[in-house]
Amino acid sequence: MSDGPWLVVGLGNPGPQYAGNRHNVGQMVLDELAHRCGVAFGTRGGGLLGRRPQAATADARLGTLPGGVPGPRVVLAKPTTYMNVSGGPVAALARYHDVPPERVVLVHDELDIPFADVRLKRGGGEGGHNGLRDTTKALGTKDYVRVRVGVGRPPGRQDPADFVLKDFSTTEKKDLPWLLDRAADAVEAVLLEGLEAAQLRFHTKA
């Protein structure tokens, strides 16, 4: 496997008013990964993305390989643009760090997966997710890994767009730390074990 870095991106919207929204669960997972690695996000080197930084990033080694060897190099990133225009920062970071699309991992909310489930795939459709759609357009390919964090469907006739822009319910918040931990484990598994092995583990009901 190449010694080049991976780029792991958590999708969401910027600003404290969105921080607890279901749509921002990808960025919550990135915070968990940064905590595990003992690193903090910063906007140094923002010039690579233009005059204003468009992502908060952190360089790290993720996980541990057999024998206690530090895991692969990774750039953790949280775009500071709105969800619908996530592609520009993702593509700029990939170019700057020389990361091919197959080593780009996007962590995002997924309406079509029950709350607290995590699913993994490479490529495929975007399922109406504008952050994925913009990333696919910017990268020029669908061939990147998605860590899909289930938030479930909205109740009744609630508009899905409104649903994802609301915070998790009181009941969901009780299980949210477990979900973030599981999604972070899934990211580590992709990088350390490969996508197929990670899928086998996370797609199999205990």
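Residues numbered from 1 in each chain as written. Predicted model: local features only at pLDDT ≥ 70, side-chain atom pairs only at ≥ 80, totals over all residues. Heavy atoms only, no water.

Q: When you look at the overall build of the protein in this model, what are you seeing that I'm missing?
A: What the protein contains, in helices and strands, is six helices and eight strands. For the protein, the succession of helices and strands along the chain, N to C, is β-α-β-β-β-β-α-β-β-α-β-α-α-α. Taking 2.2 N^0.38 as the reference for a compact globule, 206 residues should give roughly 17 Å; the C-alpha atoms of the protein span a radius of gyration of 16 Å, in line with that estimate. Across the 206 residues that make up the protein, the buried fraction comes to 49%. A separation of at least 24 residues holds for 70% of the contacts in the protein among residues at least 6 apart in sequence. (Helix = DSSP H or I, 4+ residues; strand = E, 2+ residues; numbered from the N terminus. Rg over C-alpha atoms; globule rule 2.2 N^0.38 Å. Buried < 20%, exposed > 50% of the residue type's maximum accessible area, 1.4 Å probe, protein only. Contact = heavy atoms within 4.5 Å.)

Q: Even after reading the chapter, I still don't get the packing of helix 5 (residues 170–193) against helix 6 (residues 195–202), so can you show me in this structure?
A: When two helices pack together, their arrangement is given by the angle between their axes and by how far apart the axes lie. Contact geometry for helix 5 and helix 6: axes closest at 7 Å, N-to-C directions at 145 degrees. For the pair helix 5 and helix 6, the contacting residues are Arg182, Asp185, Ala186, Ala189, Val190 and Glu193 in the first and Leu195, Ala197, Ala198, Arg201 and Phe202 in the second. Residues of the contact of helix 5 with helix 6, tallied by class, amount to seven nonpolar, no polar and four charged. (Axes fitted to C-alpha atoms, helices over the stretch in contact; angles between N-to-C directions. Nonpolar A, V, L, I, M, F, W, Y, C, P; charged D, E, K, R; others polar.)

Q: Explain the side chain of Glu172 to me, please; I cannot follow it from the model alone.
A: Secondary-structure assignment places Glu172 in helix 5. Looking at Glu172, the relative accessible area reads 13%, which means it is buried. Within polar-contact distance, the side chain of Glu172 engages the side chain of Arg22 at 3.1 Å. Those residues within four positions of Glu172 in sequence are excluded, and the remaining contacts are Arg22, Phe115 and Val151. (Polar contact = N/O pair within 3.5 Å; in protein donor to acceptor, adjacent residues only side chain to side chain.)

Q: I'm lost on the side chain of Asn24 in this one. Help?
A: Tracing the sequence through the fold places Asn24 in the loop between strand 1 (6–10) and helix 1 (25–37). The exposure class assigned to Asn24 is buried, which follows from its relative accessible area of 3%. Apart from residues lying up to four places away in sequence, Asn24 is in contact with Leu11, Gly12, Asn13, Tyr18 and Ala19.

Q: Hey, could you run me through helix 2 (residues 87–96) in this one?
A: In an α-helix, one turn spans 3.6 residues, which is why side chains three or four residues apart end up on the same side. With seven of ten residues buried, helix 2 is to be regarded as a mostly interior element. Gly87, Pro89, Val90, Ala91, Ala92, Leu93 and Ala94 are the residues of helix 2 that are buried. If you follow the buried residues of helix 2, they end up packed against strand 1, strand 2 (55–61), strand 5 (73–79), strand 6 (104–110) and helix 3 (130–139). In the segment just after helix 2, Asp98 is the residue with positive phi, at about 55 degrees.

Q: Would you mind showing me how to read the UniProt feature "site: Discriminates between blocked and unblocked aminoacyl-tRNA" (unreviewed entry) in the protein here?
A: In this structure's numbering, the residues bearing the UniProt feature "site: Discriminates between blocked and unblocked aminoacyl-tRNA" (unreviewed entry) are Asn13. Among the secondary structure elements, Asn13 is positioned in the loop between strand 1 and helix 1. (UniProt positions renumbered as here; feature names shortened; annotations may be inferred.)

Q: Quick question: what am I supposed to make of the sheet that holds strand 7 (residues 118–122) here?
A: Two orientations exist for strands paired in a sheet by backbone hydrogen bonds: parallel and antiparallel. Pairing within the open sheet is mixed, and its six strands lie in the order 2-5-1-6-8-7. Bordering the open sheet on either side are strand 2 and strand 7, each of which pairs with just one other strand. The sheet shows a mean angle of 20 degrees between the axes of neighbouring strands, taken without regard to direction. The pairing of strand 7 with strand 8 (residues 145–150) spans five bridges and is classified as antiparallel. Paired with Leu120 across the two strands is Val147, which belongs to strand 8. Docked against the sheet, helix 6 engages strand 7 and strand 8, running at close to 155 degrees with respect to strand 7. (Pairing = 2+ DSSP bridges.)

Q: Looking at this model, I keep getting lost on the nonpolar core. Mind explaining?
A: Judged by nonpolar contacts, the single largest core of 37 residues is most densely connected at Val8, Leu33, Leu120 and Leu191. It is helix 5 that provides the largest number of residues to this core, a total of ten residues. Setting aside anything within four residues of it in sequence, one finds Leu33 in contact with Val8, Leu62, Leu76, Ala184, Val187 and Glu188. Counting 17 residues, the second largest nonpolar core, distinct from the first, contains Leu11, Ala55, Ala77 and Leu132. (Core = buried A, V, L, I, M, F, W, Y, C linked by side-chain atoms within 4.5 Å.)

Q: Quick question: what am I supposed to make of the environment of Tyr18 here?
A: As for its placement among the helices and strands, Tyr18 is situated in the loop between strand 1 and helix 1. By relative accessible area, which is 22% here, Tyr18 ends up partly exposed. Considering only alpha carbons, one finds Tyr18 and Asp167, 149 residues apart in sequence, at a separation of 8.1 Å. Discounting residues that sit within four places of it in the chain, Tyr18 has contacts with Asn13, Asn24, Tyr82 and Leu165.

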